[in-house]
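Report on the structure
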Amino acid sequence: MAETDAPAHSSSFQAAVQAFIQERLQTKLDKLKEDDPERETKRERLRAQYQPAAWIKDAARRAREIQIATHSIKPAHPDADGTQPYAEPSSLPTLSELGSHALGNVFDVDVVGNAGALDVYAFLKLVEVDGRSLLTALQEEDASALQALHDDATQAKTLRNALLRLTQPRFNRASSHTRAKQLYWLTGSDACADDSYELLAPLFATSLAHTVHTQVRDARYGKANKAARQAWHDRKAHDGVFVDYPGLAVQKIGGANPQSISLLNAKRRGENYLLASLPPIWQLGGQRLPVNTDSVFKHLYPGRPGVRKTVHALRRFLESDPPPNQATRERRAADIEKLVDELVILAAELQQSLAAGWTRDDARFHRLARAEQLWLDPLRAELSGEDDFAKEWLWMDWPDAIGRFFGNWLNAQLAGQLPVGDVEAREWQRALLVEDDGWRETLAEQRRCIDGQGDSR
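Reference entry: report on the structure contained in this document. (Residues numbered from 1 in each chain as written. Predicted model: local features only at pLDDT ≥ 70, side-chain atom pairs only at ≥ 80, totals over all residues. Heavy atoms only, no water.)

This part is about helix α1 (residues 12-30). Helix length check: α1 (19 residues) gives 27 Å between terminal C-alpha atoms against 27 Å at 1.5 Å per residue, within 8%. Every buried residue of α1 is listed here: Phe13, Gln14, Ala15, Ala16, Val17, Gln18, Phe20, Ile21, Gln22, Leu25, Gln26 and Leu29. (Helix = DSSP H or I, 4+ residues; strand = E, 2+ residues; numbered from the N terminus. Expected span 1.5 Å × (residues − 1). Buried < 20%, exposed > 50% of the residue type's maximum accessible area, 1.4 Å probe, protein only.)

Pasting the structure below:
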């Protein structure tokens, strides 16, 4: 319960202003310790300090210590001081590159300057009447907003002008700082001539950075994207879109005191996301195909980097003679799952990148084992004249053959120092055919399509 009486309501904004100040006062009062011998003295001092007239006057004085901005110099160095412009994104030139202009009319305004005066901006933005902030109302010289500052019109106008200083540039002309970033940009044709350069002072696009952080954080931790990520991992159908940012880096600005940089930086606890900017990885020959071979288990599948790495790790682990316990079984199962995932991904890549019937129409693939043709080219069963292929596919004895191929291949990779045989081969086969949900669900979906196609023939 508040320790002060509710203020009289003389205008909509006046009630909102006094409610804001009262809430701040109550927060301070609640923090006073019961056993503090000076508790009563401190309480009276706070109540005097938070009288609306006194608090607004002090806020007007402190408003000169902060400034709203969309671009900041502070992230370069906390002590840097210079021009920190506020530019409506919709007023900026439209470029093909990503920039602040892409924010349009929906963006977050940052506040830079003395962190101890940030409550002044909160006062101007959080006090609202009918969805209209006190800041907007004062900029429009709304009579109700002015009356909320002071009963005397002249005093109210003086307070308004002082509060609105935070919306105005602190310097009459553009300026930089010795601790800020600066660079010379060649604009002329003579690189040896001083007048062929312009001195640029890059600024941190703080409003854009905050929007990027919000969207990336939602993609990383939001419930909707989490569900999409899980569906992707489980290779299950999902109505939503899975968003990912590979190679993401986190830059901390402000150290232990992110509020010294800006308001938005403090809200992010100093976190700023850096998107990957990497050169392309050259891949020779494009996608590898099972050309002139009778099995993908001979060269194509074993040559995948993930497969080589996992087989090497599994072999070294088993050769270390681990104890026959639950931890060993879980570690082995995890490696087998990775190999199964690589096999399922290989099949999906071939099925999605090659036209249906590629095992029939291209002589380079005619040597491929029939079971592997059925596995890797399932849409061939839907083509005209492929009734026999469709019947073989629907007979569903070929998955067992793929399981045997996989089990025998893995045994061959582990043979030598390890005693592997039929029992182990059956265990690897089971991991693919029985335990992998992605494999079984893909087969079920393909079967529904092929069955439906058969009914229409």
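Let's pick the thread back up.
What follows is about the side chain of Glu386. Checked against the element boundaries, Glu386 lands in the loop between α14 (370-376) and α15 (387-395). Given the relative accessible area of 8%, Glu386 is considered buried. Once residues within four sequence positions are removed from consideration, Glu386 is found in contact with Arg360, Arg380 and Ala381. (Contact = heavy atoms within 4.5 Å.)

Here the focus is the packing of aromatic side chains. Under the definition given, this model contains 13 aromatic pairs. Measuring from centroid to centroid gives 6.5 Å for Tyr184 and Tyr197, while their planes differ by 90 degrees, and the two rings are edge-to-face. Taken together, the residues Tyr184 in strand β5 (residues 183-186) and Tyr197 in strand β6 (residues 197-200) connect sequence positions 13 residues apart. Residue classification places Tyr197 among the partly exposed positions, given a relative accessible area of 27%. Taking the centre distance of 5.4 Å and the plane angle of 50 degrees together, the rings of Trp393 and Trp398 count as tilted. Of the two residues, Trp393 and Trp398, neither departs from the other in class, the shared state being buried. An aromatic cluster of at least three residues, connected via ring pairs, comprises Phe297, Tyr301, Trp375, Phe405, Phe406 and Trp409. (Phe/Tyr/Trp six-rings, centres within 6.5 Å; stacked < 30°, edge-to-face > 60°.)

Another aspect to go through is helix α2 (residues 39-49). In an α-helix there are 3.6 residues to a turn, and that puts residues three or four apart on one side. Looking at α2, one finds that the buried residues are Arg39, Arg43 and Leu46. The buried residues of α2 occupy one face: seen down the axis, they fall within an arc of 65 degrees. Here the buried face of α2 lies against α1. (Arc of directions from axis to C-beta.)

Another point: the nonpolar core. Of all hydrophobic cores here, the largest spans 45 residues; its most connected members are Phe123, Leu134, Leu138 and Leu163. Elements represented by at least two residues in this core include exactly α1, α3 (52-62), β1 (66-69), α4 (118-126), α5 (134-139), α6 (143-149) and α7 (153-163). Counting residues per element, this core draws most heavily on α1, at seven residues. Setting aside its immediate chain neighbours within four residues, Phe123 contacts Val17, Phe20, Trp55, Ile56, Leu134 and Leu163. With 43 residues, the next largest nonpolar core counts Val296, Val307, Val311 and Leu368 among its residues. (Core = buried A, V, L, I, M, F, W, Y, C linked by side-chain atoms within 4.5 Å.)

Let's shift gears to the pairing of β1. Residues Ile66 and Ile68 line one face of β1 and the alternating positions Gln67 and Ala69 line the opposite face, and both faces are buried. Direction of pairing for β1 relative to strand β2 (residues 110-113): antiparallel, over a ladder of four bridges. The residue bridging Ala69 from the neighbouring strand is Asp110, located in β2. (Pairing = 2+ DSSP bridges.)

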